[in-house]
Amino acid sequence: MELTRSGSGSGSEAVHYVRFQSPHRNRRGHFTGVFGLINMLAREGRLTEEQELFRRKHNSWYNAAYTDPSTVDPAVYDHEINPGAAAWFKPSARHLLARVPGYLEILAAHGVDCRLLRSADPGRVIYEDDVQVVVVPYA
């Protein structure tokens, strides 16, 4: 998986943030991210034993490897305050992105669509750390 940078030739390059999400809106009208999609399959009891072991192992790794924005700002994903808030990986998160293909394989095995998005400006930033931003999409 390659993250891209683009520029206008003026020396300034736009960072392309990355997000994996469902192409379909959920009940709240938002697009569920890759981790939410996997966790939904787990809650529904649809994962095989091997897939569930993968999910647990890798979710634990992610939990240890980077900050859950809601532990820093409990309102970051509040639907009233920040409608549609979604996390995007920064290009510096290559070590986090490297594990995503395993999640995508599980989703594909269950016929769950998940698409890759890239954007230099995915929305208004409400949280940022060294590997991610959480944004509220522009209206």
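The structure displayed is predicted, hence computed values, not measured ones. (Residues numbered from 1 in each chain as written. Predicted model: local features only at pLDDT ≥ 70, side-chain atom pairs only at ≥ 80, totals over all residues. Heavy atoms only, no water.)

Description of helix 1 (residues 34-43)
For step 1, the next point in the chain: What helix 1 keeps buried is the set Val34, Phe35, Leu37, Ile38, Leu41 and Ala42. Axial view of helix 1: buried residues confined to an arc of 165°, hence all on one face.
For step 2, the next point in the chain: Where helix 1 is buried, its residues meet strand 3 (17-25), strand 4 (31-33), helix 2 (49-65), strand 5 (86-89) and helix 5 (100-109).
For step 3, the next point in the chain: The first or second residue beyond helix 1 is glycine 45, which carries a positive phi of 70°. (Buried < 20%, exposed > 50% of the residue type's maximum accessible area, 1.4 Å probe, protein only. Helix = DSSP H or I, 4+ residues; strand = E, 2+ residues; numbered from the N terminus. Arc of directions from axis to C-beta. Contact = heavy atoms within 4.5 Å.)

Topic: the packing of helix 1 against helix 5
For step 1, the next point in the chain: Two elements in contact, helix 1 and helix 5, have axes separated by 10 Å at closest approach and are oriented at 50°. For the element pair helix 1 / helix 5, the angle class is oblique. In terms of crossing hand, the pair formed by helix 1 and helix 5 is left-handed. Every residue of helix 5 that contacts helix 1 at Val34, Phe35, Leu37, Ile38 and Leu41 is listed here: Tyr103, Leu104, Ile106 and Leu107.
For step 2, the next point in the chain: Within the contact of helix 1 with helix 5, the residues separate by chemical class into nine nonpolar, no polar and no charged. (Axes fitted to C-alpha atoms, helices over the stretch in contact; angles between N-to-C directions. Parallel < 35°, antiparallel > 145°, perpendicular 65-115°, else oblique. Left-handed = near helix turned anticlockwise from the far one by under 90°. Nonpolar A, V, L, I, M, F, W, Y, C, P; charged D, E, K, R; others polar.)

Structural notes on the side chain of histidine 58
For step 1, the next point in the chain: As for its placement among the helices and strands, histidine 58 is situated in helix 2.
For step 2, the next point in the chain: A relative accessible area of 12% places histidine 58 in the buried class.

Considering the packing of helix 2 against helix 5
For step 1, the next point in the chain: Between helix 2 and helix 5, the least distance of the axes is 11 Å, while the angle of their chain directions is 145°. Considering how the two elements wind past one another, helix 2 and helix 5 form a crossing that is left-handed. Residues Gln51, Phe54, Arg55, His58, Asn59 and Tyr62 of helix 2 form the contact with helix 5, whose own contacting residues are Val100, Gly102, Tyr103, Ile106 and Ala109.

Side note on the packing of aromatic side chains
For step 1, the next point in the chain: Following the criterion strictly, the structure yields seven aromatic pairs and no others.
For step 2, the next point in the chain: For the pair phenylalanine 35 and phenylalanine 89, a centre-to-centre distance of 6.5 Å together with 75° between the ring planes defines the contact as edge-to-face. Of this pair, phenylalanine 35 sits in helix 1 while phenylalanine 89 sits in strand 5; the two residues are 54 residues apart in sequence, bridging distant segments of the chain.
For step 3, the next point in the chain: Put simply, the rings of Phe35, Phe54, Trp61, Tyr62, Tyr66, Phe89 and Tyr103 touch in pairs and so form one group of aromatic residues.
For step 4, the next point in the chain: Of note, arginine 115 hangs over the ring of phenylalanine 31, and the distance from its end group to the ring centre comes to 5.4 Å. (Phe/Tyr/Trp six-rings, centres within 6.5 Å; stacked < 30°, edge-to-face > 60°. Lys NZ or Arg CZ within 6 Å of the ring centre and 35° of its normal.)

Observations concerning the pattern of salt bridges
For step 1, the next point in the chain: Tallying each qualifying case throughout the model produces four salt bridges.
For step 2, the next point in the chain: Ionic pairing is found between glutamate 52 and arginine 55, a salt bridge with its closest N-O pair at 2.8 Å. Of this pair, glutamate 52 and arginine 55 both sit in helix 2, three residues apart, which is roughly one turn of that helix. This pair shows no difference in class: glutamate 52 is buried, exactly as arginine 55 is.
For step 3, the next point in the chain: The shortest N-O distance in the salt bridge between lysine 90 and glutamate 128 comes to 2.7 Å. Of the two residues, lysine 90 is situated in the loop between strand 5 and helix 4 (94-97) and glutamate 128 in strand 7 (residues 124-128); the sequence distance between them amounts to 38 residues.
For step 4, the next point in the chain: Members of the salt-bridge network, linked through shared partners, are Glu52, Arg55 and Arg56. (Salt bridge = Lys/Arg side-chain N within 4 Å of Asp/Glu carboxyl O.)

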